Amino acid sequence: MYLRCYDEVKGLTKDLVQIPSVVKTSGEAHCAKWIYNYYNELDYFKQNPEHLMLQQTLNDEIERYNTISMVRGTKGSSNRTIILMGHLDTVGVEDFGDMEENAFNSEELMKQLRNLNLGEDVNRDIDSGDYMFGRGALDMKAGVAGQMYIMKYFSQHPDLLDGNLIAIAEADEEDNSHGIISALKILKEWKELYDLEYIAAINADYSTPYHEEDENRYIYFGTIGKLLPSFYVTGKETHVGQAYGGLDPNLIVAELTRNIELNTDLCDESHGEVTIPPISLKQSDLKPGYTVQTALAAYSYYNYFTLTMSPKEVMDKMLDIATLSFDNIVNFTNNSYKTYCEKSGHTYTRLPWVTRVYSWEDFYNELATIHGDRYTVYIRNFALDLHEQNPSMDLREFSMKIIDESWKKWSDDKSPAIIIYFSSLYYASIEISGQDKQEVDLIQSVTKAIHFVQDYTDKPIVKKMFYPYISDSSFMAISDDREGLRALEGNMPAWGTKYNHPIEEIKAINVPVVNIGTYGKDGHKITERVHMKYSFENIPNITFKAIKNLLG
Ligand SMILES: [Zn+2]
């Protein structure tokens, strides 16, 4: 059976887009409540109110909610359960400038964009009538809408399900994933309460062509992961008049960036897929204002995508690069000094700089060995106070401040050093290799569903093995071994005070993931648009078939 769901999913998408739900605004709560009310109107949830909830996110600095719903099948006695997931928040709309008022109104926005004449591709897509524009249309309200349709369908036909379906419309995907992390708690509770056996998660986040001629649609098993290797660099300050008397941390950071950014040796490769190499997301010194003294310390961090590399492997690579970079700068400053001495007739003596590189774990342990509890208790309280004083402080800044405090107050040896740590949320990569029955079942069920739906579209639907963007799918499974995770915990200064990776909760779910999501172009741009036929009709049908194949 092929569902004729185009009009209904289109209508739902339009409604959802019209509710501005920019991340970290009250719109997230409005949108969650709207979805809650949608389910609440359905007979099934009137009869089973305990299967629907509006869950406020936990440990969050603003008030926002997830909407979580469950349909329990009546076809058999299986407790196998599939999780549908989609985020209800969007990125901001500042980029729309004076078009902001139409950011959520597809028709008006299309007229404005057409007048702006933004290029052939955009004009063609507007004129074709195949696309819906607007913030969140592609990323990913059309995906949430499709899942709402599926939930409604099965709520009316629970007799078709030998097992259960849970749908999570989650807040805060675009920022700090408070939504999905909070939802894990409910998934764990329901698992125990209803004796559920989770077998798969289906995300519906967006997909997009890889290049202009790319006509393929993509279904992704698994997902890419992300780390944020970060570097705290201390030098030795000096007056500009005595340039060789110090070691400039900005120079070391510049060399780190040169060795890390776009370095294809750092790409992760698996199943014939290759990650984009790292890129710098911050590079700054810690000098508060202008003086003619060089900086005392600087820091930088880099986006790092992974497929199968563990946090430990990434840390090992960063230690090597930091050592190389430090060596390069020691040589460079000595060579410069030598040449300067020759030019000016001074006697050259080798500068005192020695390469000194730590992981945060090693640096912390060194201080703990020297100072014992006095240090470990102090720094933990420092972190707790810092968090309490300013709960919304950026996680990157927070992490850096813990290291800065440790260095300034507790390190007796003040010779220049690099300290490497991780300072963002951990997005685990998930590899689906067919190594257990759950993975095999999911791959087969989705593959069959794609074959069926392929007859209803003239564009090839292609399978790939890693969803290529950061998404909440990363919270559905954990594949790192104990050593890999220890490298993460030990090297995150914010661990246990401002940040906790919910390892136990994830282990309670631990399912293979697939992304059966919306298709369109220019996510996060003003020309964001979703392809309607594929996203409103083909995608819900692939999801529907996959569910039936797994729980039919
Ligand atoms: Zn998204």
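Computed from a predicted model, the values in this text were never measured in an experiment.

**Focus: the coordination of the zinc ion**
Logical step 1: Looking at the zinc ion, one finds its protein donor set to be His 87 (NE2), Asp 139 (OD), Asp 205 (OD) and Asp 205 (OD), positioned 1.9 to 2.7 Å from the metal centre.
Logical step 2: Summarised as a motif, the one-chain spacing of the donors to the zinc ion is H-x51-D-x65-D. Placement of His 87 in strand β3 (residues 80–87) and of Asp 139 in helix α6 (residues 137–156) is noted, with a sequence separation of 52 residues between them. Accessibility classification places His 87 together with Asp 139 in one group, the buried group.

**Focus: the environment of Gly 484**
Logical step 1: One can find Gly 484 in helix α14 (residues 482–490).
Logical step 2: Relative accessible area serves as the criterion here: at 2%, Gly 484 is assigned to the buried category.
Logical step 3: C-alpha separation for the pair Gly 484 and Lys 236, spaced 248 residues apart in sequence, amounts to 34 Å.

**Description of the packing of helix α1 (residues 6–17) against helix α2 (residues 27–40)**
Logical step 1: Close contact between α1 and α2 brings their axes to 11 Å; oriented N to C, the two are set at 145°. Contacts from Glu 8, Leu 12, Asp 15 and Leu 16 in α1 reach Cys 31, Trp 34, Ile 35 and Tyr 38 in α2.
Logical step 2: By residue class, the composition of the contact of α1 with α2 is six nonpolar, no polar and two charged.

**Some remarks on the packing of aromatic side chains**
Logical step 1: Evaluated as defined, the whole model comprises 32 aromatic pairs.
Logical step 2: On the numbers, 4.8 Å between centres and 40° between planes, the contact of Tyr 244 with Tyr 337 is tilted. With a gap of 93 residues between them, Tyr 244 in the loop between β9 (229–234) and α8 (249–260) and Tyr 337 in helix α9 (residues 311–344) connect regions that are remote in the sequence.
Logical step 3: A relative accessible area of 17% places Tyr 337 in the buried class.
Logical step 4: The structure contains a cluster of three or more aromatic residues connected by ring pairs, namely Tyr 358, Trp 360, Phe 363, Tyr 364, Tyr 375, Tyr 378, Phe 382, Trp 407 and Trp 410.
Logical step 5: When the ring centre of Tyr 534 is taken as reference, the NZ or CZ atom of Arg 217 above it lies at 5.6 Å.
Logical step 6: Sitting over the ring of Tyr 210, Lys 464 keeps its end group 5.1 Å from the ring centre.

**Structural notes on the sheet that holds strand β17 (residues 513–515)**
Logical step 1: Strand order in the open sheet formed by eight strands is β1-β2-β5-β3-β6-β17-β7-β16, and the pairing between neighbours is mixed. Of all the strands in the sheet, just β1 (52–56) and β16 (461–464) have a single pairing partner and so form its edges. Taken over all neighbouring pairs, the strand axes of this sheet differ in orientation by 20° on average, direction set aside.
Logical step 2: Both strand β6 (residues 197–203) and β17 contribute to a ladder of three bridges, which runs parallel. In the strand pairing of β17, Asn 203 is matched with Asn 515.
Logical step 3: Packed on one face of the sheet, helix α16 (residues 532–551) meets β3, β5 (164–170), β6, β7 (217–221) and β16 and runs near 160° to β3.

**A closer look at the pattern of salt bridges**
When their charged atoms lie close together, side chains carrying opposite charge are able to pair.
Logical step 1: Scanning all chains against the criterion turns up 30 salt bridges.
Logical step 2: Here Arg 135 makes a salt bridge to Glu 528, at a shortest N to O gap of 2.8 Å. Separated by 393 residues along the polypeptide, Arg 135 in the loop between β4 (131–133) and α6 and Glu 528 in the loop between β18 (520–521) and β19 (529–531) bring together distant segments of the chain.
Logical step 3: Take Arg 135: its relative accessible area is 1%, and that puts it in the buried class.
Logical step 4: Residue Glu 528 is classed as buried on the basis of its relative accessible area of 1%.
Logical step 5: The closest approach of N and O atoms between Arg 529 and Asp 522, which form a salt bridge, is 2.9 Å.
Logical step 6: Each of the salt bridges in this network shares a partner with another, and the network as a whole consists of Glu 120, Asp 121, Arg 124, Asp 125, Lys 521, Asp 522 and Arg 529.

**Side note on α16**
Logical step 1: Here α16 contains 20 residues, and its C-alpha end-to-end distance of 28 Å stays within 8% of the 28 Å for a straight helix at 1.5 Å per residue.
Logical step 2: Approximately 30° is the largest bend angle found in α16, and it occurs at Asn 538, with the proline Pro 540 only one to four residues beyond.
Logical step 3: For α16, the buried fraction is high: 17 of the 20 residues fall into the buried class.

**Observations concerning the domain arrangement of the protein**
Logical step 1: If you check the domain split of the protein, you get domain 1 (6–224 + 427–476 + 511–551) and domain 2 (225–422).
Logical step 2: The centre of domain 1, based on its C-alpha atoms, is set 39 Å off from the matching centre of domain 2.
Logical step 3: Buried area between domain 1 and domain 2, both sides added, is near 1100 Å², and the carbon and sulfur share of it is 59%.
Logical step 4: Of the residues assigned to the side of domain 1 that touches domain 2, the class counts are seven nonpolar, four polar and three charged.

Thresholds applied
Counting of residues starts from 1 at the beginning of each chain's written sequence and follows it residue by residue. Given that this is a predicted model, residues contribute local features only at a pLDDT of at least 70 and side-chain atom pairs are listed and counted only at 80 or more, while totals for whole chains, interfaces and linings are drawn from all residues. Side-chain measures here rest on the full set of heavy atoms in the structure, leaving out hydrogens and waters. Keep in mind that water is not among the atoms, so a site may look incomplete; donors are the N, O and S atoms within 2.8 Å of the metal, or 3.2 Å for Na, K and Ca. Secondary structure elements are defined from DSSP: runs of H or I of at least 4 residues count as helices, runs of E of at least 2 residues count as strands, and each element is numbered from the N terminus. Relative accessibility under 20% of the residue-type maximum defines a buried residue, over 50% an exposed one, and the middle range a partly exposed one, all with a 1.4 Å probe and only protein chains included. Angles here are taken between N-to-C directions and fall from 0 to 180 degrees, while the axes themselves are lines fitted to C-alpha atoms, restricted in helices to the stretch in contact. Should any heavy atoms of two residues lie within 4.5 Å, those residues are counted as being in contact. All residues other than Ala, Val, Leu, Ile, Met, Phe, Trp, Tyr, Cys, Pro, Asp, Glu, Lys and Arg, Gly among them, are scored as polar; the first ten of these are nonpolar and the last four charged. Working definition: a ring pair exists when centres of Phe, Tyr or Trp rings (six-membered ring for Trp) sit within 6.5 Å. Plane angles under 30 degrees give stacked, over 60 give edge-to-face, the rest tilted. Counting as a charge over the ring demands two things of the Lys NZ or Arg CZ atom: a distance within 6 Å of the ring centre and an angle within 35 degrees of the ring normal. When DSSP finds two or more bridges between a pair of strands, those strands are recorded as paired. Salt bridge, as applied in this entry: a Lys or Arg side-chain nitrogen positioned within 4 Å of an Asp or Glu carboxyl oxygen. To estimate how far a helix should extend, the number of its residues minus one is multiplied by 1.5 Å. The seven residues ending at a residue and the seven starting there each receive a fitted axis; the angle between those axes is the bend at that residue. The split of the chain into domains comes from an automatic or database domain assignment. Simply put, the buried area is the total loss of 1.4 Å probe accessible area from both parts when two parts are fitted together.

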